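# Coordinate analysis (summary)
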Amino acid sequence: MSKLLLLLHTPHFSSIHRRALTSLIIPSPPSPLSSLHLHRRSLPLRNLSFSVKSKEEEEVVGKDGNEAGAEGKKVNSSESGRVRDEDYPSGEFQFEEFSWWTKFTVKLKMLVAFPWERVRKGAVLNMKLRGQISDQLKSRFSSGLSLPQICENIIKAAYDPRISGIYLHIETLNCGWGKVEEIRRHILDFKKSGKFIVAYVPTCREKEYYVACACDEIYAPPSAYFSLFGLTVQASFLGGVLEKVGIEPQVERIGKYKSAGDQLIRKTMSEENCEMLTALLDNIYGNWLDKVSSAKGKSREDLENIINEGVYQVERIKEEGWITNISYDDEVISMLRERLGVQKDKNIPMIDYRKYSRVRKWTLGLSGGKDQIAVIRASGSISRVRSPLSGPGSAIIAEQVIEKIRSVRESKRYKAAIIRIDSPGGDALASDLMWREIRLLAASKPVIASMSDVAASGGYYMAMAAGTLVAENLTLTGSIGVVTGKFNLGQLYEKIGFNKEIISRGRYAELLAAEQRPFRPDEAKLFAKSAQNAYKQFRDKAAFSRSMTVDKMEEFAQGRVWTGKDAASRGLVDAIGGISRAIAIAKLKANIPQDRQVTLVELSRSSPSLPEILSGIGNTLVGVDITLKELLRELSISEGVQARMDGIMFQRLEGYSYANPIFTLIKDYLSSL
């Protein structure tokens, strides 16, 4: 029997999210029409069966709570018993010159390095940032950019005596503000080495400029596309469409900010949804204005004037001091040649991102210390088992993550663990199974959750099992609410002449099976009670997890999405920062001195498998875009209880024509041909 499946994707909170498929209704064979189950979209909660716990579970919960409390003795605690953000170590990067002995050993290592690790003296690291940026590690056969490898390359370049500076090409970025903040932080850290970092921006909007303004200099060609026009947020509503085709959504929504139900039953934005989206947009816009104006030594009013005047001329941008100069790429390279003292008839020695990624940290004397911290990366939509359409690293597969968590728990090698999360949620059962394993791990050693672009709903569900939660200022998190329902397709069936009859046993056997009619009064009552019960369990468990009263958690729940900064001020997150701060906190919890180097062991490192190689070749030859594969994968795994954050689309004015999700799908498909 075919099903109408609603896909509510979460963006990675980009100003323009061109790949967002806010909602699609797709029939699949064999039957032409059927019901949609809007399963409980529960959010960051500890356990689906909070009210029923074994003694063993109670002991684990107690140990975990005591462990956090015991570790908290090392720093000051707030009145609520939770450690304050300012009392955690900052994890700020401190560039330290190598001793003469270290410099000598590094030179020896370079002499015996593999051929692919050889770099010419005075080389410039040429990095191109564009498109999607994954939070997962990439193998040499994988396409696209990897955030951990970008950051690692920047740090390696800071210490590599062969690298004189970085030439950074920045084009349209399709990632969230969490990743952008991490890259920007590493650029600022690199500048502490005294080496130059120059940005070249042929196309520049708010996100690209946010990264570029952290560099020493910014160059743009005369024909550059500058579109610093501001940010927008939008929400789509299907109420009118479904009404015209004869579909009646019967939605039970718990949480006034839980807008997934609004998308189906409303034709306009509710006051609560408008309040939430306005707050999110204000957070992003305010942060952008403050950071950019500060970086360029301008006032916030100066920056707002540029935006509100709609300035697009590169000459005007240069005159106002927002870029260093107007130059073509070859002119910038010529300028760098003169700066480095390279003869005009010689080329600057350059090394690209991919080749430099193969230079080992060991070669540069950055291999770390004896103490090891495990890093488990969890990115994408959450599912319990792998789908046949799932690509390597494209989703969080619970059974695989659990295997890694258990290996860390059973090993004595690791002093602590960091769970790096970049997920809008997904299967609630899968989230709960991972939550359990993270709790067991946290009972034996410190566990820190580090949030990337988004860790909401099922993603936050996972994070809450850790002892300490670290998020970026603009990480999307929270979204504690429930929405469930079904489609009544009776009028549609009548219009097209389709009929369906059901023979059942049991009073409520047809509760979700009979999509050809609305709920009976007793069915509607049961449905409402079930949703209320689900919300109560999730909310109460969130309160327990964050050491709050239920009434206090109720203020922050109700399906509301928070930025990391606002979540921290409300006790949903412990500290603000990136992966470096998570490492510093892990060292604190594991009694490792802050000045001692540690070795990070990535347990999610991709291996160059034959299917991945063939998949990459197939994409190139056939043009099968990742958006279509992700869509099919979501269709294949979307059954069952879902803990997924509502789709929110943030958009720049320039990209408005791509706001429609159908246009997005068509555009992405055509661009792959």
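What you see is a predicted model; the values in this text were computed from it and never measured.

All right, on to the confidence of the model for the chain then. Residues with a pLDDT of 70 or more make up 76% of the chain, whose mean pLDDT is 78. In the model of the chain, strand 2 (residues 25-26) stands out as the element of lowest mean pLDDT, 28, in contrast to strand 8 (residues 196-200), which has the highest, 97. This model gives residues 1-80 a pLDDT under 50, and the stretch forms 287 contacts once residues within four places in sequence are excluded. Scored below 50 in pLDDT, residues 608-641 shows 59 contacts in the model against residues more than four places distant or in partner chains.

Our next topic: the packing of helix 3 (residues 147-159) against helix 4 (residues 177-191). At a closest axis distance of 9 Å, the pairing of helix 3 and helix 4 adopts a crossing angle of 5°. Considering their axes alone, helix 3 and helix 4 lie roughly parallel with respect to each other. Across the interface between the two elements, Leu147, Ile150, Cys151, Ile154, Ile155, Ala157 and Ala158 of helix 3 pack against Lys179, Glu182, Ile183, His186, Ile187 and Phe190 of helix 4. Classifying every residue of the contact of helix 3 with helix 4 gives 10 nonpolar, one polar and two charged.

Here we take up the packing of aromatic side chains. How two aromatic rings sit relative to each other is set out by the distance from centre to centre and by the angle between their planes. Taken as a whole and assessed by the stated rule, the structure comprises 11 aromatic pairs. A connected cluster of aromatic rings, assembled from ring pairs, spans Phe93, Phe95, Phe98 and Tyr159. The cationic tip of lysine 156 hangs over the ring face of tyrosine 356; the distance from NZ or CZ to the ring centre is 5.0 Å. The ring of tryptophan 562 carries arginine 560 above its face, with NZ or CZ at 4.4 Å from the centroid.

What follows deals with the sheet that holds strand 14 (residues 325-326). Strand order across the open sheet formed by six strands is 14-10-8-7-4-15, with parallel pairing between neighbours. With one partner strand each, in any of the chains shown, strand 14 and strand 15 (350-352) form the two edges of the open sheet. Across five bridges, strand 7 (residues 163-173) lies against strand 8 in parallel orientation. The residue of strand 8 that forms the bridge with glycine 165 is phenylalanine 196.

For strand 24 (residues 482-488), the buried fraction is high: seven of the seven residues fall into the buried class. The alternating pattern of strand 24 places Val482, Thr484, Lys486 and Asn488 and Val483, Gly485 and Phe487 on opposite faces, both of which are buried. Across seven bridges, strand 13 (residues 248-254) lies against strand 24 in antiparallel orientation. Pairing of proline 249 across the sheet is with phenylalanine 487, part of strand 24.

Phi at serine 457 takes a positive value of approximately 55°, unusual for a residue other than glycine. Position of serine 457 relative to the elements: it lies in the loop between strand 21 (447-456) and helix 15 (458-463). The phi dihedral of serine 547 falls on the positive side, at around 55°, and the residue is not glycine. Relative to the helices and strands, serine 547 is located in the loop between helix 17 (521-545) and helix 18 (550-556).

The rules behind the values
- Residues numbered from 1 in each chain as written.
- Predicted model: local features only at pLDDT ≥ 70, side-chain atom pairs only at ≥ 80, totals over all residues.
- Heavy atoms only, no water.
- pLDDT = per-residue confidence, 0-100.
- Helix = DSSP H or I, 4+ residues; strand = E, 2+ residues; numbered from the N terminus.
- Contact = heavy atoms within 4.5 Å.
- Axes fitted to C-alpha atoms, helices over the stretch in contact; angles between N-to-C directions.
- Parallel < 35°, antiparallel > 145°, perpendicular 65-115°, else oblique.
- Nonpolar A, V, L, I, M, F, W, Y, C, P; charged D, E, K, R; others polar.
- Phe/Tyr/Trp six-rings, centres within 6.5 Å; stacked < 30°, edge-to-face > 60°.
- Lys NZ or Arg CZ within 6 Å of the ring centre and 35° of its normal.
- Pairing = 2+ DSSP bridges.
- Buried < 20%, exposed > 50% of the residue type's maximum accessible area, 1.4 Å probe, protein only.

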